[in-house]
Amino acid sequence: MRIARFSIDGNVAFGAVEGDRPDELVLDIIKGIPFADFELSGTKVPLNKVRLLPPVLPNKVVAFGRNYAEHARELGNEVPDAPFAFFKPSTSVIGSGDEIAYPSFSQELHHEAELAVVIGRMCREVPRERVKDVILGYTCANDVTARDVQRREKQWARAKGFDTSCPLGPWVETDLDASDLTIQLTVNGQQRQLGRTSEMIHPVEDLIVNISEAMTLLPGDVILTGTPAGVGPLNVGDEVAVTIEGIGTLTNKVVKRG
């Protein structure tokens with residue numbers, strides 16, 4: 001099931017996305033929230049009549065860096081022996097179609113296409129064999145990074161945590177084997193990144209085991225799983241799109257920060 005979060009006539013709701021052709025997609029409005037038992041209402045609205053929102057509002061976004069060997073090497077970094085985590089605040093999250101605001105304190109903004117895991121229920125110290133039980137589904141992400149600030153400041157809070165630096169969407173796909181999916185990113189229609197989730201150094205299961213050893217994960221929390229090689233610059237006016245096999249396409253435009 002594809003679960004979207006959207007607004008219509010000033011109201012916010014979740015809906016199940018139905019249909020195959022992009023111009024014929026409809027939303028069957030969900031009674032309740034997708035983190036508990038829910039029913040479909042049978043009330044349907046065309047997707048093109050609503051505004052898509054970030055598919056979840058996470059309490060926290062836990063991101064894992066350097067989880068693809070070629071990406072680590074392209075930036076001159078060693079491949080870490082263990083998962084390497086950092087955080088992006090909830091205020092960094094935007095949805096598909098929202099604008100990425102180029103931060104005024106950076107002159108080198110980069111894109112990073114990533115598979116995002118959405119947590120479905122509260123959990124802690126999750127054993128590897130139970131990881132699938134705590135996952136609601138998967139969505140597309142762009143770990144937008146102020147690369148010059150990352151290099152200069154060493155720690156990554158401002159470089160990766162600024163407002164609009166975490167586009168997510170367009171929806172959550174709940175029925176998906178995420179072990180070997182194509183990840184692609186384009187800028188203005190030109191391919192910049194192309195990889196597969198099977199190239200991860202540490203797969204999804206290991207990442208969730210690792211972070212849940214340290215902290216409680218809550219429904220709606222998001223885990224970013226790293227980016228394949230090919231990261232590069234974004235400029236004001238660019239349209240950047242992340243497409244992941246079996247999920248869909250997350251599209252955002254870069255604008256000057258007002």
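Below is a short write-up of the structure. Everything numeric in this text was worked out from a predicted model, so none of it was measured.

## Remarks on the overall build of the protein
Phase 1: Looking only at helices and strands, the protein features 4 helices and 20 strands.
Phase 2: Relative to a compact globule of 258 residues, whose C-alpha radius of gyration would be 18 Å, the protein shows 17 Å and is just as compact.
Phase 3: For the protein, the spread of C-alpha atoms along the three principal axes comes to 55 × 45 × 30 Å.
Phase 4: The 258 residues of the protein split such that 53% are buried.
Phase 5: When contacts within the protein are restricted to residue pairs at least 6 apart in sequence, those whose partners lie at least 24 apart make up 69%.
Phase 6: Just so you have it, the protein exposes about 11600 Å², and 48% of that area is on carbon and sulfur atoms.
Phase 7: Counting 27 positive and 36 negative side-chain charges, the protein places the averaged centre of each group 5 Å from the other.

## Observations concerning the sheet that holds strand E18 (residues 232-234)
Phase 1: On the basis of which strands lie adjacent, the open sheet formed by 3 strands has the order E13-E10-E18 and antiparallel pairing. Only two strands of the sheet have a single neighbouring strand rather than two, namely strand E13 (145-146) and E18.
Phase 2: Across 2 bridges, the pairing between strand E10 (residues 109-111) and E13 is antiparallel. Residue Leu 109 lies in a different strand from E13, and its bridge partner there is Ala 146.

## A word on the nonpolar core
Phase 1: Counting residues in each nonpolar core, the largest one holds 53 residues, and the members touching the most others are Leu 27, Leu 109, Leu 115, Ile 135, Ile 208, Ile 223 and Ile 244.
Phase 2: It is helix H4 (residues 204-212) that provides the largest number of residues to this core, a total of 5 residues.
Phase 3: Setting aside residues up to four positions removed in sequence, Leu 27 forms contacts with Ala 4, Phe 6, Gly 15, Ala 16, Val 17, Thr 43, Lys 44, Val 45, Leu 47 and Val 50.

## Focus: the side chain of Ser 96
Phase 1: Position of Ser 96 relative to the elements: it lies in the loop between strand E8 (93-94) and strand E9 (99-102).
Phase 2: On the accessibility criterion, Ser 96 (15% relative accessible area) is buried.
Phase 3: A distance of 3.2 Å separates a polar atom in the side chain of Ser 96 from the backbone nitrogen of Thr 251.
Phase 4: Those residues in contact with Ser 96, other than ones at most four positions away along the chain, are Leu 52, Leu 168, Pro 170, Thr 249, Leu 250, Thr 251 and Asn 252.

## Focus: the pattern of salt bridges
Phase 1: All told, the structure shown has 17 salt bridges when counted by the stated rule.
Phase 2: Here Asp 221 and Lys 60 are joined by a salt bridge, their closest N and O atoms 2.7 Å apart. Here Lys 60 lies in the loop between strand E5 (51-52) and strand E6 (61-65) and Asp 221 lies in the loop between H4 and strand E17 (222-224), a separation of 161 residues in the sequence. Just as Asp 221 is buried, Lys 60 falls in that class too.
Phase 3: Put simply, Asp 143 and Lys 160 hold a salt bridge, and the shortest N to O gap is 2.7 Å. Of the two residues, Asp 143 sits in the loop between strand E12 (135-142) and E13 while Lys 160 sits in helix H3 (residues 157-161), which places them 17 residues apart along the sequence. As far as burial versus exposure is concerned, Asp 143 and Lys 160 are alike and both buried.
Phase 4: Connected through shared salt-bridge partners, Lys 88, Glu 112, Asp 143, Arg 147 and Lys 160 make up one network.

## Focus: the pairing of strand E3 (residues 26-31)
For a regular strand, side chains alternate in direction, first toward one face of the sheet and then toward the other.
Phase 1: As judged from the 4 bridges shared by strand E2 (residues 11-18) and E3, these two strands associate in the antiparallel manner. Across the sheet, residue Val 17 finds its bridge partner in E3, namely Leu 27.
Phase 2: Where E3 and strand E4 (residues 39-46) come together, 5 bridges link them in antiparallel fashion. Within E4, the position partnered with Lys 31 by the bridge is Glu 39.

## Remarks on unusual backbone geometry
Phase 1: Residue Gly 169 is joined to Pro 170 through a cis peptide bond whose omega torsion reads 5°.
Phase 2: Secondary-structure assignment places Pro 170 in strand E14 (residues 166-173).
Phase 3: A positive phi angle is found at Arg 66, which is not glycine, with a value near 55°.
Phase 4: Since its relative accessible area comes to 24%, Arg 66 is described here as partly exposed.
Phase 5: One non-glycine residue, Glu 125, adopts positive backbone phi at about 50°.

The rules behind the values
Residues numbered from 1 in each chain as written. Predicted model: local features only at pLDDT ≥ 70, side-chain atom pairs only at ≥ 80, totals over all residues. Heavy atoms only, no water. Helix = DSSP H or I, 4+ residues; strand = E, 2+ residues; numbered from the N terminus. Rg over C-alpha atoms; globule rule 2.2 N^0.38 Å. Buried < 20%, exposed > 50% of the residue type's maximum accessible area, 1.4 Å probe, protein only. Contact = heavy atoms within 4.5 Å. Areas by Shrake-Rupley, 256 points an atom, 1.4 Å probe, with all protein chains shown as cover. Lys, Arg positive; Asp, Glu negative; His and termini not counted. Charge placed at Lys NZ, Arg CZ, Asp CG, Glu CD. Pairing = 2+ DSSP bridges. Core = buried A, V, L, I, M, F, W, Y, C linked by side-chain atoms within 4.5 Å. Polar contact = N/O pair within 3.5 Å; in protein donor to acceptor, adjacent residues only side chain to side chain. Salt bridge = Lys/Arg side-chain N within 4 Å of Asp/Glu carboxyl O.

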